[in-house]
Structures are given as structure tokens and as C-alpha cells.
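Structural overview
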Amino acid sequence: MAIVVSNLTSFDIPRAMELVEIAQWNQLPSDWLRVLEYDREGSFVARLDGILVGTVTTIRYASELAWIGMMLVRPNARRRGIGKGLMIHAIDYLRGRGVASIMLDATPMGRPLYELLGFQVHSQWHRWHRDEMTPQRQPTAPASPPSAMHSNAPFGPFAESLRPLDTIAFGADRWFWIQSLACVSKVESAAKGYGMLRNGRLASYLGPVVSEDIELAQRLVAKLLDPSPAACFWDIPSGNESAEELATRHGFSRVRTLYRMHLGEVRNTCHPPHQYAIADPATG
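Residues numbered from 1 in each chain as written. Predicted model: local features only at pLDDT ≥ 70, side-chain atom pairs only at ≥ 80, totals over all residues. Heavy atoms only, no water.

**A few points about the packing of helix α2 (residues 29-38) against helix α6 (residues 175-182)**
In helix packing, the relevant descriptors are the interaxial angle and the interaxial distance, both defined with respect to the helix axes. Counted only if it meets this: In this description, a line fitted to the C-alpha atoms serves as the axis of each element, helices being fitted only across the stretch in contact, and the angle between N-to-C directions of two axes falls anywhere from 0 to 180 degrees. The helix count covers DSSP runs of H or I at least four residues long, the strand count covers runs of E at least two residues long, and both are numbered beginning at the N terminus. Convention used here: angles under 35 degrees read as roughly parallel, angles over 145 as roughly antiparallel, angles from 65 to 115 as roughly perpendicular, and any remaining angle as oblique. Here a crossing is called left-handed whenever its near helix is offset anticlockwise from the far helix by less than a right angle, and right-handed whenever the offset is clockwise. Residue contacts follow a heavy-atom distance rule, with two residues in contact if any of their heavy atoms lie within 4.5 Å.
Put simply, α2 and α6 touch, their axes get as near as 12 Å, and they point 140° apart. Classed by the angle they form, the pair α2 and α6 counts as oblique. For the pair α2 and α6, the sense of crossing is right-handed. Residue-level inspection shows R34, V35 and Y38 of α2 in contact with α6, the latter providing F176, W177, S180 and L181.

**Quick notes on the layout of surface pockets**
Test applied: The method works on a 1 Å grid over the protein atoms by themselves. A cavity is a set of points holding a 1.4 Å probe that cannot get out, a pocket is an open set with protein on both sides within 12 Å along at least five of seven lines, and residues with an atom within 4 Å of a point line them. Grid points are joined across faces, edges and corners, and a volume is the space filled by probe spheres set on the points. The residue classification treats Ala, Val, Leu, Ile, Met, Phe, Trp, Tyr, Cys and Pro as nonpolar and Asp, Glu, Lys and Arg as charged. All others, Gly included, are polar.
Estimates place the volume of the largest pocket at around 1000 Å³. Lining of the largest pocket is provided by 41 residues; of these, W25, M71, T107, M109 and G110 occupy positions nearest its centre. Mapped onto the lining of the largest pocket, the elements with two or more residues apiece are α1 (13-23), β4 (65-73), α3 (82-95), β5 (101-106), α4 (111-116) and β12 (253-264). It is β4 that provides the largest number of residues to the lining of the largest pocket, a total of 6 residues. Looking at side-chain class alone, the lining of the largest pocket contains 21 nonpolar, 9 polar and 11 charged residues.

**Examining the confidence of the model for the protein**
Detail in the predicted coordinates should be disregarded across regions flagged by low pLDDT. Short version of the rule: Each residue carries a pLDDT value, the predictor's own confidence for that position, ranging from 0 to 100.
Scored by pLDDT, the protein comes out at a mean of 90, with 89% of its residues at no less than 70. Ignoring residues within four places in sequence, the model shows residues 135-150, a span with pLDDT below 50, making 35 contacts including any to other chains.

**Concerning the nonpolar core**
A general feature of soluble globular proteins is that nonpolar side chains tend to end up buried together. So the rule is basically this: Residues grouped as a nonpolar core are buried Ala, Val, Leu, Ile, Met, Phe, Trp, Tyr and Cys residues, joined through side-chain atoms within 4.5 Å. A simple rule labels every residue: compare its accessible area, found with a 1.4 Å probe on the protein chains alone, to the largest value its type can have, and call it buried under 20%, exposed over 50%, or partly exposed in between.
Counting residues in each nonpolar core, the largest one holds 27 residues, and the members touching the most others are I68, M87 and F119. Per element, the largest residue contribution to this core is 7 residues, and it comes from α3. Excluding anything up to four places from it in sequence, I68 contacts V56, T57, T58, M87, A90, I91, L94, I102, M103, L104, F119 and A282. Ranked by size, the runner-up nonpolar core spans 21 residues in total, among them W67, A169, L181 and Y194.

**Observations concerning the pattern of salt bridges**
How we decide: Salt-bridge detection follows one rule: a side-chain nitrogen of Lys or Arg within 4 Å of a carboxyl oxygen of Asp or Glu.
Tallied over the entire structure, the rule returns 14 salt bridges. Ionic pairing is found between E115 and R111, a salt bridge with its closest N-O pair at 2.9 Å. Note that E115 and R111 are positioned in helix α4 at a spacing of 4 residues, about one turn of the helix. On the basis of relative accessible area, E115 is assigned to the partly exposed category, the value being 38%. You can call R111 partly exposed: its relative accessible area is 26%. Residues R127 and D235 are paired through a salt bridge, measuring 2.7 Å at the closest nitrogen-oxygen approach. One end of the pair, R127, is in strand β6 (residues 120-130); the other, D235, is in strand β11 (residues 232-236), and 108 residues separate them in sequence.

**Things to note about empty space enclosed by the protein**
Tallied over the entire structure, the rule returns 2 cavities of 30 Å³ or more. Approximately 100 Å³ is the volume found for the largest cavity. As for the largest cavity, its lining consists of 14 residues, of which D31, V35, D280, A282 and T283 are closest to the centre. Secondary structure elements with two or more residues in the lining of the largest cavity: α2 and α6. In terms of residue count, α2 provides more of the lining of the largest cavity than any other element does, 4 residues in total. Among the residues forming the lining of the largest cavity, the class breakdown is 7 nonpolar, 3 polar and 4 charged.

**Some remarks on the side chain of R260**
Position of R260 among the secondary structure elements: in strand β12. Residues contacting R260, with those up to four places away along its chain left out, are W67, M103, L104, D105, Q120, V121, H122, S123, W125, I278 and G284.

**A closer look at helix α7 (residues 214-225)**
Owing to its 3.6 residues per turn, the α-helix brings residues three or four apart onto one side. Which entries qualify depends on this criterion: Expected helix span is taken as 1.5 Å per residue step, with the number of steps being one fewer than the number of residues. Pairs of N or O atoms are called polar contacts if they sit within 3.5 Å, as long as, within protein, a hydrogen donor faces a hydrogen acceptor (for residues adjacent in sequence, only side-chain-to-side-chain pairs).
With 12 residues, α7 ought to run about 16 Å at 1.5 Å a step, and its terminal C-alpha atoms sit 16 Å apart, in line with that. Where α7 is concerned, the buried positions are L216, A217, R219, L220, V221, A222, L224 and L225. Between the side-chain oxygen at the start of α7 and the backbone nitrogen of E215 there is a gap of 3.2 Å, and the oxygen is on D213.

**What about the packing of aromatic side chains?**
Operational definition: Here is the rule: rings of Phe, Tyr and Trp (six-membered ring for Trp) pair when centre to centre is within 6.5 Å. Planes less than 30 degrees apart are stacked, more than 60 are edge-to-face, and the remainder are tilted.
Scanning the entire structure with this criterion turns up 9 aromatic pairs. Relative to Y93, the ring of F44 has its centre 5.7 Å away and its plane inclined at 70°; by these criteria the two rings are edge-to-face. On the criterion of sequence distance, the pair formed by F44 in strand β2 (residues 44-48) and Y93 in helix α3 is long-range, its members being 49 residues apart. As far as the burial class goes, F44 and Y93 line up, both buried. Seen in terms of ring centroids, Y61 and F176 are 6.0 Å apart; in terms of plane orientation they differ by 40°. Their pairing is tilted. Placement of Y61 in strand β3 (residues 51-61) and of F176 in helix α6 is noted, with a sequence separation of 115 residues between them. According to the relative accessible area criterion, F176 is partly exposed, its value standing at 30%.

Right, dumping it as C-alpha cells:
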């Protein structure tokens, strides 16, 4: 049985989505397309006797940092070295382009494979979830000061001025990616922060949310979640207890733990107090 690794293309997305559904992940076809639009050579699939059985994606934030994501293998094809082969392919691709630090967000199932390849745990964080809200259960959004908030897509008047804040919060310049997400998201922004809410396969997804202070973060989150009653995921990075307090206040509860891991030197010197929600486990 021949295993062949090749570049992911848009024609592979329907089969890749089958793996997403099996794993019960939240990504949509548009999430795959967004990665492909940025770098057509950086994502890969594995085929076993011509059938797609595994995927992996990469995204580079300049030369300082890259993220590996969407590491999926069809259950009946596991334990044949497919996941390891895809990971080695992704790592070699990134190193060939001079990336100093490679990071990923691992499930407990995936963590042993990544450790085998030399990744180390940097921190752990939690996914939070809220079920679909009935009108009686929806929290009331706090009043916003006049002119303090701006709803628009992609950003409104604060766009470029927020780039330095986001770079500090995340630990690398990812502004091209934030602009891309803004085009498919509900966006709330102010002079010192912004937040986004977008559709997902299983639930809507809150993130990223970046803010200089808890009061603004509270207003951003409230505006994003109200009046939407849909079920929602919220991924909160390690080190932001204020975000966890907000999540509890809005009816969210912890549903799983993931591990942020790194290979090579840690260049991602993020600032957790400013990061209230990550953008996506597949991209950081």
C-alpha cells in the first residue's frame, strides 16, 4: 500500500472536510481556502492507494514564527506513520524557508506524536463552549460609551492603528491574517482593542479578541455575542484569568484542554493579558 504526500489543493477540500467531520472539529471549507490563498505550497495531504487519508497545514508569520494546524488522519489509516510523515513534511517545508520557531496547538491525542518529533509544551489553554441561547437566557450587553465602539467589516476607522497592539498581544506581526479573518467575521473595534465572531461548522467562534483592558474587552465581547443566540466556542489562552471570568459571566464553560507546543527557540513572546481569545487553534 503506497502512501504519497503532496500539496493540498482546493480540489482536496471536500475530502479534507470529511476528516474534520470525523474529528468533530469546527472548521469550514472557507478556513482551508484562506490558508491556501496565503500559501499554496505550505499545506499537504497524504493519500493511501490514491485515497486522501491525512492533512496538515502551515502558516508563516514572516520568518520569526510559523504555525502548524489541521493535523488530521482518517481513523482506519492510523498507526501507519501517516501523521508522522505529514508532520516531517511540514517541518522540513518551514525550516527550508528559514523559520526560527514552529508552534502548534495540540489535542491530548496528538501531543505524544509532537513530543516524539521534538516539540515541547509551552503552555496549556482551554476551550470554552456555550450552548444555543434561548431569549430568556441571553445576557444583557452593558451600555457602551458614546462613539467608543465601531461595528464594521473589515474594521472601520481604527484598523491600522490596532496593528501594534495585536503584534504585542500575539507576539508576532500577523496583521495580514487578521484582515483576512475580518472579511468573514462580525467585527467590533475601538481605539484600544477589537474582537471578531465568525461562523463555524458546529458553532460560531469568538476570536480573536484583543484589548488593552478588561472593561473594553467586556464591551467588545458583549457586543459580539448579543443578540446572537447561536452555540459558540471561545478559546482562551493561558494566563488571562479575566477572559475566563468573562466567559463564565456569558454562560460559557470549559470543555477541553489543549497544549501550546513549540519546536526550536520560542519567538512567540505573547502578552496574555491583552489576548482574550485566540484566532484559531490551527493558526494561533
